[in-house]
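Understanding the architecture of this molecule
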Amino acid sequence: SQKIEQNSEALNIQEGKTATLTCNYTNYSPAYLQWYRQDPGRGPVFLLLIRENEKEKRKERLKVTFDTTLKQSLFHITASQPADSATYLCARLNSGYSTLTFGKGTMLLVSP
Amino acid sequence: GAGVSQTPSNKVTEKGKYVELRCDPISGHTALYWYRQSLGQGPEFLIYFQGTGAADDSGLPNDRFFAVRPEGSVSTLKIQRTERGDSAVYLCASSFGGSSTDTQYFGPGTRLTVL
């Protein structure tokens, strides 16, 4: 089965620093990877989608990379703020391209 | 406009009982998804509807779980003979067309507790 692995330990960083979260996948590269943010008691919110043939995607302070050799995606938040504290989920599109397999998520804590 | 809504927000039931969880997708979205999220885990896919039909129900764990979407909008997830292991947050999502690049919009979830 296709798996998505994220570091289950929380990432603690100081405000203003760059946060980097890791997502590793098994077996064949998915055509797409997606990143979501989830706050306590809420559903996930879509942030970014990156295609297999894209090395990097940016949106404001967010940057996602996709390395098919390492079977890894990195998610960066630059100039982090306390409001960025949340759990970040990585997901791959399953064959058929409609349903998602999620990782466990990584909790990010940004302290002032 | 309104986002995806789910009712109830919380449901406590006893082992062996039957429960129904409701999802109201964003108006005009043809694709609807159900996921289940246990504590400390990511959402786990259950079933995907395209219109009124279940396009993929491979994530349903067993035949106690069933979902319908009779008119292509509201969906109901039904769980028979609930077990303690069914306790989780049940998330619903919808997207415009269900294609690979369509964003999935999630509701707040229904927290199901089976005593």
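Calculation criteria
- Residues numbered from 1 in each chain as written.
- Chains lettered and ligands numbered in written order.
- Predicted model: local features only at pLDDT ≥ 70, side-chain atom pairs only at ≥ 80, totals over all residues.
- Heavy atoms only, no water.
- Phe/Tyr/Trp six-rings, centres within 6.5 Å; stacked < 30°, edge-to-face > 60°.
- Pairing = 2+ DSSP bridges.
- Helix = DSSP H or I, 4+ residues; strand = E, 2+ residues; numbered from the N terminus.
- Axes fitted to C-alpha atoms, helices over the stretch in contact; angles between N-to-C directions.
- Disulfide = S-S within 2.5 Å.
- Buried < 20%, exposed > 50% of the residue type's maximum accessible area, 1.4 Å probe, protein only.
- Contact = heavy atoms within 4.5 Å.
- Buried area = accessible area lost by both parts, 1.4 Å probe.
- Salt bridge = Lys/Arg side-chain N within 4 Å of Asp/Glu carboxyl O.
- Polar contact = N/O pair within 3.5 Å; in protein donor to acceptor, adjacent residues only side chain to side chain.
- Nonpolar A, V, L, I, M, F, W, Y, C, P; charged D, E, K, R; others polar.
- Lys, Arg positive; Asp, Glu negative; His and termini not counted.
- Core = buried A, V, L, I, M, F, W, Y, C linked by side-chain atoms within 4.5 Å.
- 1 Å grid on protein atoms, 1.4 Å probe; cavity = no way out; pocket = protein on both sides within 12 Å on 5 of 7 lines; lining within 4 Å.
- Points joined across faces, edges and corners; volume = space filled by probe spheres on them.

This paragraph deals with the packing of aromatic side chains. The final tally for this structure, using the stated rule, is 12 aromatic pairs over all chains. Site record: aromatic cluster; members linked through ring pairs are Tyr36(A), Phe46(A), Phe102(A), Tyr33(B), Tyr35(B), Phe45(B), Tyr48(B) and Phe106(B).

Moving on: the sheet that holds strand β7 (residues 65–68) of chain B. Residues and elements named next belong to chain B. Spatially, four strands are ordered β1-β3-β8-β7 in an open sheet, and the strand pairing comes out antiparallel. Both edges of this open sheet fall to β1 (5–7) and β7, since each of them pairs with a single strand only. Pairs of neighbouring strands in the sheet enclose a mean axial angle of 15°, with direction left out of account. As paired elements, β7 and strand β8 (residues 75–79) share four bridges and run antiparallel to each other. Each residue of the ladder has a partner; that of Phe66, found in β8, is Lys78.

Residues and elements named next belong to chain A. Within the structure shown, the criterion is met by two disulfides over all chains. Here Cys23 connects covalently by a disulfide to Cys90, the sulfurs 2.1 Å from one another. Torsion about the S-S bond of the Cys23 and Cys90 cystine: about -65°, corresponding to left-handed handedness. Linking Cys23 in strand β3 (residues 19–25) with Cys90 in strand β9 (residues 86–93), this pair joins segments that are 67 residues apart in sequence. The burial state of Cys23 is the same as that of Cys90; both residues are buried.

This brings us to unusual backbone geometry. Following Thr7(B), the chain continues into Pro8(B) via a peptide bond in cis, with omega recorded as -10°. In this structure, Pro8(B) sits in the loop between β1 and β2 (10–13). A positive phi angle, near 55°, is found at Glu60(A), a position not held by glycine.

Let us look at the interface of chain B and chain A. Counting residues at the interface gives 20 residues for chain B and 20 residues for chain A. The largest contributions to the chain B side of the interface with chain A come from Pro43(B), Ser100(B) and Phe106(B), which together make up 31% of the buried area. In this structure, the connection of chain B to chain A is made through zero salt bridges. If you look at where chain B meets chain A, you find one residue pair in polar contact (both at pLDDT 80 or more). Considering each element in turn, the side of chain B that touches chain A owes the most residues, three residues, to strand β4 (residues 31–37) of chain B. Looking at the side of chain B that touches chain A, its residues break down into eight nonpolar, 11 polar and one charged.

The next thing to look at is the side chain of Arg69(B). Residue and element names in this part refer to chain B. Examined against the element boundaries, Arg69 turns out to sit in the loop between β7 and β8. Of the side chains with opposite charge, Asp24 lies nearest to the buried Arg69, which makes no salt bridge, at 9.5 Å. At a separation of 3.0 Å, a polar atom in the side chain of Arg69 contacts the main-chain carbonyl oxygen of His29. Here Thr30 takes part through its backbone oxygen, which lies 2.5 Å from a polar atom of the side chain of Arg69. Not counting residues up to four positions away in its chain, the partners in contact with Arg69 are Pro25, His29, Thr30, Ala31, Leu32, Phe49, Gln50, Gly51, Thr52, Val74 and Ser75.

Turning next to the nonpolar core. In terms of nonpolar packing, the biggest core is built from 21 residues, with Leu33(A), Trp35(A), Phe75(A), Ile77(A), Tyr88(A) and Leu108(A) touching the most fellow members. Secondary-structure elements contributing two or more residues to this core are β3, β4 (32–38), β5 (45–51), β7 (62–67), β8 (72–77), β9 and β11 (106–111) of chain A. Take this core: its biggest share by element is four residues, from β3(A). Leaving out residues up to four positions away in the same chain, Ile77(A) has contacts with Lys17(A), Thr18(A), Ala19(A), Arg61(A), Leu62(A), Asp84(A), Tyr88(A) and Leu108(A). Leu21(B), Ile47(B), Phe49(B) and Ala67(B) belong to the second largest nonpolar core, which has 20 residues in total.

With that settled, consider the layout of surface pockets. Taken as a whole, the largest pocket spans an internal volume of roughly 690 Å³. What lines the largest pocket is a set of 31 residues, and nearest its centre among them are Gln38(A), Gly41(A), Gln37(B), Leu39(B) and Gly40(B). Elements supplying a minimum of two residues to the lining of the largest pocket: β9 and β11 of chain A together with β9 (88–95) and β11 (110–114) of chain B. Examining the composition of the lining of the largest pocket, we find that four residues originate from one element, β11(B), more than from any other. Grouping the amino acids of the lining of the largest pocket by side-chain chemistry returns nine nonpolar, 18 polar and four charged. Lining the second largest pocket are 18 residues; nearest its centre among them are Thr101(A), Phe102(A), Pro43(B), Glu44(B) and Phe45(B). Taken together, the elements giving at least two residues each to the lining of the second largest pocket come down to β10 (100–102) of chain A together with β5 (44–50) of chain B.

The values reported here are purely geometric and, on their own, carry no functional implication.
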